[in-house]
Amino acid sequence: MRKLILFLPFLLFIHCKKQPAPPTGLVTEKAMVVSARVEASRIGSEIMEKGGNAFDAMVATEMALAVAYPFAGNLGGGGFMVYRKQNGEIGGLDYREKAPLSAHKDMYLDSLGNVVPDMSTVGATAVGVPGTVAGVIEVHEKFGSLPLSDILTPVIELAKRGVIVTEKQEKRLENYKERFVKVNGDSTKFASNFKAGDTIKYPELAATLQKIMEQGRDGFYKGEVAQKLADFIQEKGGFITEEDLERYEAKWRQPVVFNYKDIKIISMSPPSSGGVTMNQIFKMMEPYKVSRYGHNSAKSIQLFTEASRRAYADRNYFLGDPDFVDIPLDVLLSDAYLTERMADFSFDKATLSSAVSHGEVEIVESSETTHYSIVDASGNAISATTTLNGGYGSKLYATELGFFLNNEMDDFSSKPGVPNMFGLIGAEANSIAAEKRMLSSMTPTIVEKDGELYMVVGTPGGSTIITAVAQTILNVYEFNFSMQDAVNAPRFHHQWLPDVITFEEEGFTEDLLTELKEKGYRIYAGRNRIIGKVDAVRVLSDGKLEGGADKRGDDTAVGF
């Protein structure tokens, strides 16, 4: 009897531990879209209510973000998508921008071999060949169930009707206004002072979307739109030709798939660095009893930081476009290599980044990207991250066509060993070449548990994307958070170089930071930017869906 009494609390502990956290975000029965703007989430959800699947909803959501969230949603950029069908089949689509045919390794250098300021970041010279339209059309042709007209009509109506400016959008437009005028002149649409509550209409964008609806891929990459786009970019001094546009193709790729304890993680493969880097981080952490350390405790922060430090050192040195570079993935992801990589880790003191180095290859990418997660009533899931690179991309606005163009060429190494505007010092693996895709940190991810769909997750945030996604997954799986709480939780970031841990301003005590400093960690103190804006979905034990829409933005979950 005495043994039984002693054993009861243990049984209760085991039972409690297995109970998943009750939801705190929006819960729906059948389907859900979580994105950066309510208008896009609503259109995607309504497409599924009308009988469309997750792939139809992806097309609608992506295009609606181009209207409602021009800061990062786009026709003039690119992205990555990972999917998992209801039968467990998985895949990934790479619709990342490409370098134009005229591109070459030294295109951003002057006659003395120095990087020309602003040439790869601002205006027409910074623009890579856009991939977004090719991506969504490819998805629709392969997996779509509704006619393209049914999907794009509500998006076109939104562009004509206009989008109401939020307070956050007002601040962004005000912050960027001078740069818009400098690149486009003072007659540009975005020279106006937009206030919260104002409506911005996009008739030119509606006309471009109409062409895509009627002609599919050719409505953007050939004919009138392609001619106008190429002429406009060249008039402004850029490199993209009609041939560049016509040759662009989205590419299906196998995702990176790995197990962490008893969950399976499916994430994007190169030229996204997300899946490989997260795979390394999780595998280096796997031998440790993470949940016992406590959420955002000194020990859990240390372990995550040290795994990230080593993974980012490898990322920055080895990764690039797999169509151009041989990436030793079999070595980088092997148990033997990762065990050796963590061999000098100790909870007693920080490892120096110089001790895990392959040479000076620092990265700080633009954080102005956007992500959306979708689950449909059949259980098909999509995780997609899309970007213009910088906020509003190159700031170049194609007035006649109604959209901003990317400055994605800056994600290449303009000159190996020389930092770009975000401090990125690139390796040879990510040097510029014609038709090559630039390396990215975008990490659209799907998680399975017990062979079933468990989470769909992703975020913007440049080089912080990978750590934000990984921490969100750990928050649910190791620390038993609801999806909404996992997304809201304060985040931290380490990326090997610079050798500092960055913390969001709220949520970390002085005592914790002091403890880490005493172990030799350099802490970035002062006004910090937010780390990511995660949009995620968790499948609950009863099959319902919980949305996690990041409180850091205007992000919203909508479903039915």
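Procedures and definitions
- Residues numbered from 1 in each chain as written.
- Predicted model: local features only at pLDDT ≥ 70, side-chain atom pairs only at ≥ 80, totals over all residues.
- Heavy atoms only, no water.
- Pairing = 2+ DSSP bridges.
- Helix = DSSP H or I, 4+ residues; strand = E, 2+ residues; numbered from the N terminus.
- Phe/Tyr/Trp six-rings, centres within 6.5 Å; stacked < 30°, edge-to-face > 60°.
- Buried < 20%, exposed > 50% of the residue type's maximum accessible area, 1.4 Å probe, protein only.
- Domains from an automatic or database assignment.
- Contact = heavy atoms within 4.5 Å.
- Salt bridge = Lys/Arg side-chain N within 4 Å of Asp/Glu carboxyl O.
- Polar contact = N/O pair within 3.5 Å; in protein donor to acceptor, adjacent residues only side chain to side chain.
- Nonpolar A, V, L, I, M, F, W, Y, C, P; charged D, E, K, R; others polar.
- Axes fitted to C-alpha atoms, helices over the stretch in contact; angles between N-to-C directions.
- Left-handed = near helix turned anticlockwise from the far one by under 90°.
- Expected span 1.5 Å × (residues − 1).
- Arc of directions from axis to C-beta.

Describing the sheet that holds strand S17 (residues 501–503)
Here comes step 1: In space, the three strands of this open sheet follow the order S16-S17-S18, with mixed pairing throughout. This sheet does not close on itself; its edge strands, each paired only once, are strand S16 (492–493) and strand S18 (523–524).
Here comes step 2: As paired strands, S17 and S18 are joined by two bridges and run parallel to one another. Looking at S18, one finds that Ile501 is bridged to Ile523.

Quick look at the packing of aromatic side chains
Here comes step 1: Scanning the entire structure with this criterion turns up 33 aromatic pairs.
Here comes step 2: Centroid distance Phe143 to Trp252: 5.8 Å. Interplanar angle 85°. Geometry classified as edge-to-face. Separated by 109 residues along the polypeptide, Phe143 in helix H4 (residues 132–143) and Trp252 in strand S7 (residues 251–253) bring together distant segments of the chain.
Here comes step 3: A relative accessible area of 26% places Trp252 in the partly exposed class.

Quick word on the domain arrangement of the protein chain
Here comes step 1: By the assigned domains, the protein chain splits into domain 1 (39–251 + 383–412) and domain 2 (253–365 + 443–559).
Here comes step 2: Here the C-alpha centroids of domain 1 and domain 2 sit 28 Å apart.
Here comes step 3: With 23 residues of domain 1 in contact, the opposing surface of domain 2 contributes 30 residues.
Here comes step 4: Linking domain 1 to domain 2 there are three salt bridges.
Here comes step 5: Among the ionic pairs, Asp323 bridges to Lys251, the shortest N-O distance being 2.9 Å.
Here comes step 6: Connecting domain 1 to domain 2 are ten residue pairs in polar contact (both at pLDDT 80 or more).
Here comes step 7: When grouped by side-chain class, the residues that make up the side of domain 1 that touches domain 2 number eight nonpolar, eight polar and seven charged.

Looking at the pairing of strand S8 (residues 256–260)
Here comes step 1: Of the two faces of S8, only the one carrying Val256, Phe258 and Tyr260 is buried; Val257 and Asn259 on the other face are not.
Here comes step 2: Bridge analysis of S8 against strand S9 (residues 263–267) gives five bridges, and the strand direction is antiparallel. Bridge pairing links Val256 to Ser267 in S9.
Here comes step 3: Remark: two residues form the turn of the hairpin made by S8 and S9, two consecutive strands paired antiparallel; Lys261 in that turn has positive phi of roughly 55°.

Details of the sheet that holds strand S2 (residues 32–35)
Here comes step 1: The seven strands are arranged S7-S4-S3-S11-S10-S2-S21 in an open sheet whose pairing can be described as antiparallel. Both edges of this open sheet fall to S7 and strand S21 (556–559), since each of them pairs with a single strand only. Going from strand to strand, the sheet's axes swing by 15° on average, the running direction of each strand aside.
Here comes step 2: As judged from the three bridges shared by strand S4 (residues 90–95) and S7, these two strands associate in the antiparallel manner. The partner of Asp94 across the bridge, within S7, is Lys251.

Overview of the pattern of salt bridges
Here comes step 1: Considering all chains together, one arrives at 33 salt bridges under this definition.
Here comes step 2: Here Arg253 makes a salt bridge to Asp321, at a shortest N to O gap of 3.9 Å. You can see Arg253 sitting in strand S7 and its partner Asp321 sitting in the loop between helix H13 (298–318) and helix H14 (329–332), a full 68 residues away along the chain.
Here comes step 3: What makes Arg253 buried here is its relative accessible area of 11%.
Here comes step 4: For Asp321, a relative accessible area of 0% translates into the label buried.
Here comes step 5: Several salt bridges share partner residues, and in doing so they unite Asp94, Lys251, Arg253, Asp321, Asp323 and Arg437 into one network.

Observations regarding the packing of helix H11 (residues 274–285) against H13
Between two packed helices, both the angle of their axes relative to each other and the distance between the axes serve to describe the pair.
Here comes step 1: Taken N-terminus to C-terminus, the directions of H11 and H13 make an angle of 140°; their axes are 9 Å apart at the nearest point. Seen from above, H11 lies across H13 with right-handed handedness. Touching Thr277, Gln280, Ile281, Met284 and Met285 of H11 are Leu303, Phe304, Ala307, Ser308, Arg310, Ala311, Tyr312, Asp314 and Arg315, all from H13.
Here comes step 2: Considered class by class, the residues forming the contact of H11 with H13 number eight nonpolar, three polar and three charged.

So, unusual backbone geometry
Among all residues save glycine, negative phi is the norm, and among peptide bonds the norm is trans.
Here comes step 1: Here the amide bond leading from Pro270 into Pro271 is cis, since omega sits at 15°, within 30 degrees of zero.
Here comes step 2: Summarising the element assignment, Pro271 is placed in the loop between S9 and H11.
Here comes step 3: With omega at -5°, the peptide bond leading from Leu497 into Pro498 counts as cis.
Here comes step 4: Its place among the elements puts Pro498 in the loop between S16 and S17.
Here comes step 5: A positive phi angle, near 55°, is found at Lys261, a position not held by glycine.
Here comes step 6: As for its position among the elements, Lys261 is in the loop between S8 and S9.
Here comes step 7: For Asn389, which is not a glycine, the phi torsion comes out positive at approximately 85°.
Here comes step 8: Following the sequence through the fold, Asn389 ends up in the loop between strand S11 (381–387) and strand S12 (397–398).

A word on the side chain of Thr61
Here comes step 1: Its location among the elements puts Thr61 in helix H3 (residues 54–68).
Here comes step 2: Residue contacts for Thr61: discarding those within four places in its chain leaves Val33, Ser35, Ala40, Gly44, Tyr372 and Ile374.

A closer look at helix H7 (residues 203–215)
Here comes step 1: In a regular helix each residue adds 1.5 Å, so 13 residues correspond to 18 Å; H7 covers 19 Å between its end C-alpha atoms and thus fits that length.
Here comes step 2: Every buried residue of H7 is accounted for by Leu205, Ala206, Thr208, Leu209, Ile212 and Met213. All buried residues of H7 project into a common sector of 160° when viewed along the axis, lining one side.
Here comes step 3: Of the surrounding secondary structure, the elements contacted by the buried residues of H7 are H3, H4, helix H5 (148–161), helix H8 (218–221), helix H9 (223–235) and strand S13 (403–404).
Here comes step 4: A positive phi of about 65° marks Gly216, the residue just after H7.

Some thoughts on the environment of Lys189
Here comes step 1: As for its position among the elements, Lys189 is in the loop between helix H6 (167–184) and strand S6 (199–200).
Here comes step 2: Judged by its relative accessible area of 25%, Lys189 falls in the partly exposed class.
Here comes step 3: Once the C-alpha coordinates of Lys189 and Gly507 are considered, the two residues, 318 residues apart in sequence, prove to be 40 Å apart.
Here comes step 4: Apart from residues lying up to four places away in sequence, Lys189 is in contact with Phe194, Ile200, Lys201, Tyr202, Pro203, Glu204 and Tyr397.
Here comes step 5: A distance of 2.7 Å separates a polar side-chain atom of Lys189 from the backbone oxygen of Lys201.

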